[in-house]
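# Geometric and topological summary
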Amino acid sequence: MKSQRSRLVLVRHGQTDYNREGRLQGQVDIPLNTTGAAQAQRLAAAVTADPPDVIVASPLQRALATAQVIGRVTSVPVTTDPAFLERSFGDWEGLRGEEIRQRWPEEHAAWRAHRTVEGVGVEDRPEVAERVAAGARRLLQEHPGKTVMVVAHGAAITLGITALIGEDPNGFRGIAGLENCHRSVLEPLQAAGCEGLMRLLSHNLPPSFA
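Residues numbered from 1 in each chain as written. Predicted model: local features only at pLDDT ≥ 70, side-chain atom pairs only at ≥ 80, totals over all residues. Heavy atoms only, no water.

At their nearest, the axes of helix 2 (residues 34-47) and helix 3 (residues 61-74) sit 9 Å apart, and the two run at 40° to each other. Note on packing geometry: the crossing formed by helix 2 with helix 3 is right-handed. For the pair helix 2 and helix 3, contact is made by A40, Q41, L43, A44 and V47 and by T66, V69, I70, V73 and T74, respectively. Of the residues in the contact of helix 2 with helix 3, the class split is seven nonpolar, three polar and no charged. (Axes fitted to C-alpha atoms, helices over the stretch in contact; angles between N-to-C directions. Helix = DSSP H or I, 4+ residues; strand = E, 2+ residues; numbered from the N terminus. Left-handed = near helix turned anticlockwise from the far one by under 90°. Contact = heavy atoms within 4.5 Å. Nonpolar A, V, L, I, M, F, W, Y, C, P; charged D, E, K, R; others polar.)

Right, here's the structure in full:
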């Protein structure tokens, strides 16, 4: 029998060519590559032993395609929610880190220091964190006692977790980024005064984890 406690599973999409080439994707709609599609299949096989009750994906095709593979194997319908879009990186999308550093040295330094980046359309960290966290809280409220799986993106997930555990998205650096098709598991805190906060149970679990 499945637990009646609410649980949030955050999954990063499978690999894309931009991932392989070290390019910032942001909200560019890049498809999975062959490796990413295989990663999604391995993840789907791994979660069949304890499938989610609900699957929600970012509308970007790399996340949606990953979620649809899981949905087909587990027979769980997949919906999309723009709350889980990747962080926008504006003019930097499609570029490698060294290209950004050379063309925008001051802005790149601010980005690496987790400060606000002006003038190039980079979405602020707190804005992304609250967008993702608010979407996750809403889903858990809509599906009490269920396991909700959200398939999204690296920066969005890291920042969302930071907000959900009550840390400052600008200053906290204690959450490592997820690998492709890895996942993190959180549960709501039940203590008084912890409304909206969650506990991180597992982080960066690989597709084969049982």
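Turning to the pairing of strand 1 (residues 7-12), a few remarks are in order. With five of six residues buried, strand 1 lies mostly within the body of the structure. Where strand 1 lies against strand 4 (residues 147-152), six bridges are found, and the strand directions are parallel. Looking at strand 4, one finds that L10 is bridged to V150. (Buried < 20%, exposed > 50% of the residue type's maximum accessible area, 1.4 Å probe, protein only. Pairing = 2+ DSSP bridges.)

What follows is about the environment of R125. Structurally, R125 can be placed in helix 6 (residues 125-142). Counting along the chain gives 43 residues from R125 to D168, while the straight-line C-alpha distance between them is 9.5 Å. Apart from residues lying up to four places away in sequence, R125 is in contact with R87, H114, L159, P169, N170 and F172.

Before going further, it helps to spend a moment on the environment of G119. Structurally, G119 is set in the loop between helix 5 (105-112) and helix 6. Residue classification places G119 among the exposed positions, given a relative accessible area of 75%.

Turning next to the pairing of strand 2 (residues 54-57). Here strand 2 shows two buried faces, one formed by V54 and V56 and the other by I55 and A57. Of the pairings in the sheet, the one linking strand 2 to strand 4 comprises four bridges and is parallel in character. Bridge pairing links A57 to V151 in strand 4. Sheet topology places strand 2 next to strand 3 (residues 78-80); three bridges connect them, and they run parallel. Looking at strand 3, one finds that I55 is bridged to V78.

Its identity is not glycine, yet C181 carries a phi of approximately 60°, on the positive side. Structurally, C181 can be placed in the loop between helix 7 (154-164) and strand 5 (183-188). For C181, a relative accessible area of 0% puts it in the buried group. In this structure, N204 is a non-glycine residue whose phi angle is positive, near 60°.

By volume, the largest pocket is sized at about 800 Å³. If you go around the largest pocket, you meet 34 residues; those closest to its centre are L24, F89, W111, G154 and A155. A class-by-class count of the residues in the lining of the largest pocket yields eleven nonpolar, 14 polar and nine charged. (1 Å grid on protein atoms, 1.4 Å probe; cavity = no way out; pocket = protein on both sides within 12 Å on 5 of 7 lines; lining within 4 Å. Points joined across faces, edges and corners; volume = space filled by probe spheres on them.)

The contact between helix 6 and helix 7 brings their axes to 7 Å, and the two run at 75°. Compared by their axis directions, helix 6 and helix 7 come out roughly perpendicular. Each of R125, V128, A129, V132, A133, A136 and R137 in helix 6 lies in contact with helix 7, whose residues at this interface are A156, L159, G160, A163 and L164. Class assignment for the residues of the contact of helix 6 with helix 7 results in nine nonpolar, one polar and two charged. (Parallel < 35°, antiparallel > 145°, perpendicular 65-115°, else oblique.)

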